[in-house]
Amino acid sequence: MTMLRGLALTLLALLFAAAPAAAQGALTVQVTTEPPGLDLTTNPSSAIATVVFYNVQEGLVKVDRHGKLVPWLAERWYTTDSRNYTFFLRKGVRFHNGREMKAADVKFALDRAVNPETKHPYRVQYENIQDVIVKDDYTISVTLKRVEANFLWTVARQGSVIYPREAVDSLKAQPVGTGPFTVADWARGDRIVLVKNKDYWQKGLPRLDKVTYRFIPDPNSALAALKSGDIDVSAFGLGPENVDALKKDGRFQVILGDTTNDVTLSMNNSKKPYSDKRVRLAITHAINKEEVLKGAMFGYGKILGSNVDPLNPYYVDVSKREPYDPAKAKKLLDDAGYPNGFEATFKVAPQYYYTVRSAEVVVNQLAKVGIRAKIQQIEWGQWLAQVFCLKPCENPDYDMSIIGHAEAWDIGNFANPKYYFRWDNADFQALFKESEVTVDDKKRRELYVKMQQMLADEAPAVWLYMHPRLVVTKKGVTGIWKDLPIPSLDLSEVGWQK
Amino acid sequence: MRRYVLRRVAAMLLTLLFVSLLVFMVVRVLPGDPALIMLGIEASPDSVAKLREGLGLNRPVPVQYAEWAGRAVLGDLGRSIQYDVPVAGLIVSRLSVTLPLTLMAAALMVAAAIPLGVFAATRHRRWGDYAAMTLSQLGIAVPGFWAGLLLILLFSVKLGWFQAGGFDGWGRGVGHALKSLLLPAVALGLFQFAVLARTTRSALLEVLREEYVKTARAKGVAERAVIFRHALKNAMIPILTVAGVQLGQLMAGSIILESVFYLPGLGRLALGAISARDLPVVQGVVLFVASAIVVINAAVDMLYGVLDPRIRYE
């Protein structure tokens, strides 16, 4: 018996032995989803960008924390006609494998993005590239098939990161780049550990020695981990319902900012009754967006009137053009031949919490004008197949849905009649086409304003609200981006207050 | 005894064959084309077709099954689509969390349930019995994930004694590892503990009514010896049956608690693999867990034979 007791005591002592204190140069970040591989150039998942983009791999041009394009691996560039671009590379930038980055690597990366064999997720964006020519080790020029006003944005996106030719086969598990951190360990299902790149080309950065990403899918667990001190930063995991309490808690700081994620109520424009503009407008007028934002997001976020988000330089507020007006909604339904409303189904994927919450509020509001909608929750794979109509799907199978559209500069989706909205409007398509080849900033802005107004008036969808950026950190963590103009969790300037 | 064991092993192998067929078919029925999900929304039909070919999804189903089962027997469960590493390796690394978690939960369950059951049975219809049964009723009523959250709130958030979740691996010492598994193990074993305590109580009560117990008492054997040497040994068969089934249930139940405590175990591997349509991993994990349960049940069956010689001659 004495031996047993001794054993039990030893065990207890072992259990309660103090854990080593966290080093000041280390940061533990909670994210919800584990990335499916780490290759930005073959998979569009934003979970990959959260870990790899700007931390491990970088591009010629960077989108900074304010959403502005800034020179990065290219220290400058010039173009006279928006068709021929010449980039001058920074000298002395080394990849993690020690070799210097040269123009040939840039050519390799761009050529690979254009090549249909390589499964690049955003190949469409690179199709306009005609030729990439290496002038010398530090100069490279790109010729486009036609003028493209947004080409620098293409070069700044996550699919345009530069990596060494010899490491192309290991990108999925061991991405190599020029970034401030390198991937040290990936315990699948649990964590990814990044460590400081001592030879980073930007002097004095990064400020952290080690970053640990932990995958915690359950929001309650994430909150508990934050409160018990296991994690230092919760990047995307916490819902808006926790914001008020966390703001009052002196141990934490809450960072609320803007994103490019437009939570959109999509309608199947190819299907009755949504093919009728009056019905779409009726739905728009029936929805009280303030109430949706309050009910689904505890008021955090911003009301939208079109697909352009507040981080876009051409953003104008068109949310008042077709305001909440249930009487008008009823009249429009009457005119369209639905005096008694109609039945509808919302197909939403509960994998994103805001979809179901928003749909619940919207369904209630629609009922007040006679539209009897019900919610059908389907799993993400099914959503992609039925609603988003992934190939080989011919026609999307849905009435209405709600999902966040996270890409920046994605107004082109409404100029694409094959996109799952199935909105086919020649005038809008012409406007968009013009905006793509208009280089003059003032003219281009005018076109964007016109497009936003047209979207609000034609109502191919209802833009509910911009999903807020919500990051919670321990007090003392500095340098985290407030807004999220591009999917990334840039940790290069993040550190602990001295 | 040998014939009994052989018969049990043959039955086990047959069940395994059936299980593997079932696993294979069920996974085939899952909607969603893995090739499409892997390649993402911009994939060309061409590359989807190529990938389907590469994954062997175009061949006849019986051929696919035969190949898969054949390799599985040799321990080769294929490669994970998502992670691009062997499935068997993934399962083994995840087992280093799930197995100790399950065993710890089982040990805690047995260590608490049997004494409590004995305690209740020996105080039949007195306050001690009622208190113990109320306690176990509570254990049955409270769902494990909720108990887990409460434990986290109390011991991690409020008191700060334990981390709120996660598993740092065995590299940081056995003590540290066991400590991070303690809360989830308690939450996991709670329900099974309650069931087992009730089983122990009723099994023991049953035996205590038997003639030989009365005889032992009449012969002047000390009460302690009557209960532990004579009665409990014979009550072990129903207790063991329940405990054996429970071990399997613990393994399955760990899926939810692994999410609450974000432990990188088998359950979360399976969940993640299902949403990523990582077919080889889904098949591998389900086959592994099902096989483990079949083997445990067979082992329990054979233990009966040891405990009660009557059974093996039936």
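The paragraphs below set out a description of the structure included in this document.

About the thresholds
Numbers given for residues are sequential positions, taken from 1 along each chain in its written order. Labels are handed out in written order, letters beginning with A for the chains and numbers beginning with 1 for the ligands. In keeping with the model being predicted, local features are shown solely for residues with a pLDDT of at least 70 and side-chain atom pairs are shown and tallied solely at 80 or more, while totals for entire chains, interfaces and linings include all residues. Here the side-chain values reflect all heavy atoms present in the structure, with hydrogen atoms and water set aside. Think of it this way: any DSSP run of H or I at least four residues long counts as a helix, any run of E at least two long counts as a strand, and we number them from the N terminus. Every radius of gyration here is taken over C-alpha atoms, with the globule rule written as 2.2 Å times N^0.38, N being the number of residues. For the exposure calls, accessible area comes from a 1.4 Å probe over protein chains only, and a residue counts as buried if that area is under 20% of its type's maximum, exposed if over 50%, partly exposed in between. Contacts are residue-level and defined by heavy atoms, with any inter-residue pair within 4.5 Å sufficient. The protein chains shown are the only cover counted for residues, whose accessible areas, like all others here, come from Shrake-Rupley with a 1.4 Å probe. Any two strands with at least two DSSP bridges between them are considered paired. Axis angles are defined between N-to-C directions and span 0 to 180 degrees, where every axis is a line fitted to C-alpha atoms and, for a helix, only to the segment in contact. Orient the strands so they point away from the viewer, and a crossover whose first-strand-to-second-strand path over the helix runs clockwise is right-handed. Two kinds of site are reported from a 1 Å grid over the protein atoms alone, namely cavities, where a 1.4 Å probe fits but cannot get out, and pockets, open sets with protein on both sides within 12 Å along at least five of seven lines, and residues are called lining when an atom falls within 4 Å of a point. Grid points are joined across faces, edges and corners, and a volume is the space filled by probe spheres set on the points.

Next up on the list: the overall build of chain A. What chain A contains, in helices and strands, is 14 helices and 21 strands. Taken over C-alpha atoms, the radius of gyration comes to 25 Å for chain A, in line with the 23 Å a tight globule of 498 residues would show. Dimensions along the principal axes, computed over C-alpha positions, put chain A at roughly 80 × 75 × 40 Å. A burial count over chain A gives 58% of its 498 residues as buried. Taking contacts inside chain A between residues at least 6 apart in sequence as the whole, the part at least 24 apart equals 69%. Of the roughly 20,800 Å² that chain A leaves accessible, carbon and sulfur atoms contribute 52%.

What follows concerns unusual backbone geometry. With an omega of -5°, the peptide bond running from Leu205(A) to Pro206(A) counts as cis. Structurally, the position occupied by Pro206(A) is in the loop between strand E9 (191-196) and strand E10 (210-215). Even without being a glycine, Arg422(A) presents a positive backbone phi close to 55°. Assignment of secondary structure puts Arg422(A) in the loop between strand E17 (400-405) and helix H13 (426-437). At Arg125(B), a position not held by glycine, the phi torsion is positive, near 60°. Using a relative accessible area of 62% as the deciding quantity, one classes Arg125(B) as exposed.

All names here are of chain A. Spatially, seven strands are ordered E8-E9-E10-E1-E11-E19-E12 in an open sheet, and the strand pairing comes out mixed. The sheet is open, and its two borders are formed by strand E8 (181-187) and strand E12 (252-257), each paired with just one other strand. Of the pairings in the sheet, the one linking strand E1 (residues 26-31) to E10 comprises six bridges and is parallel in character. For Val31, the partnering residue across the bridge sits in E10 and is Phe215.

Turning next to the pairing of E8(A). Residue and element names in this part refer to chain A. Of the pairings in the sheet, the one linking E8 to E9 comprises six bridges and is antiparallel in character. The residue of E9 that forms the bridge with Thr182 is Val195. Between E8 and the antiparallel strand that follows it, E9, lie three residues; Gly189 among them carries a positive phi value of about 90°.

This paragraph deals with the sheet that holds strand E5 (residues 84-89) of chain A. Residue and element names in this part refer to chain A. Strand order in this open sheet of four strands is E4-E5-E7-E6, and the pairing throughout is antiparallel. The open sheet has two edge strands, strand E4 (74-79) and strand E6 (129-136), and neither has a second partner. Averaged over neighbouring strand pairs, the angle between their axes works out to 20° when direction is ignored. Contacts from helix H3 (residues 103-114) reach E5, E6 and strand E7 (139-144), with the element oriented near 170° to E6.

The next point concerns the pairing of strand E16 (residues 372-377) of chain A. When a strand is regular, its side chains alternate between the sheet's two faces. Residue and element names in this part refer to chain A. With six bridges joining them, strand E15 (residues 343-348) and E16 adopt parallel strand pairing. Pairing of Thr345 across the sheet is with Lys374, part of E16. In terms of handedness, the path from E15 via helix H11 (residues 353-367) over to E16 forms a crossover that is right-handed.

All names here are of chain A. Applying the stated criterion across every chain, the model contains four cavities of 30 Å³ or more. Counted as a void, the largest cavity has a volume near 80 Å³. Lining the largest cavity we find 13 residues, and of these Thr284, Lys289, Gly305, Glu322 and Ala456 sit closest to its centre. Listed by contribution, the elements that provide at least two residues to the lining of the largest cavity are helix H14 (441-458) and strand E18 (461-466). The greatest single-element share of the lining of the largest cavity, amounting to three residues, is contributed by E18. Approximately 60 Å³ is the volume found for the second largest cavity. Lining the second largest cavity, in full, are Thr41, Ala109, Leu110, Arg112, Ala113, His120, Tyr126, Gly159, Ser160, Val161, Ile162 and Tyr163. Ranked by residue count, the leading element in the lining of the second largest cavity is H3, at four residues.

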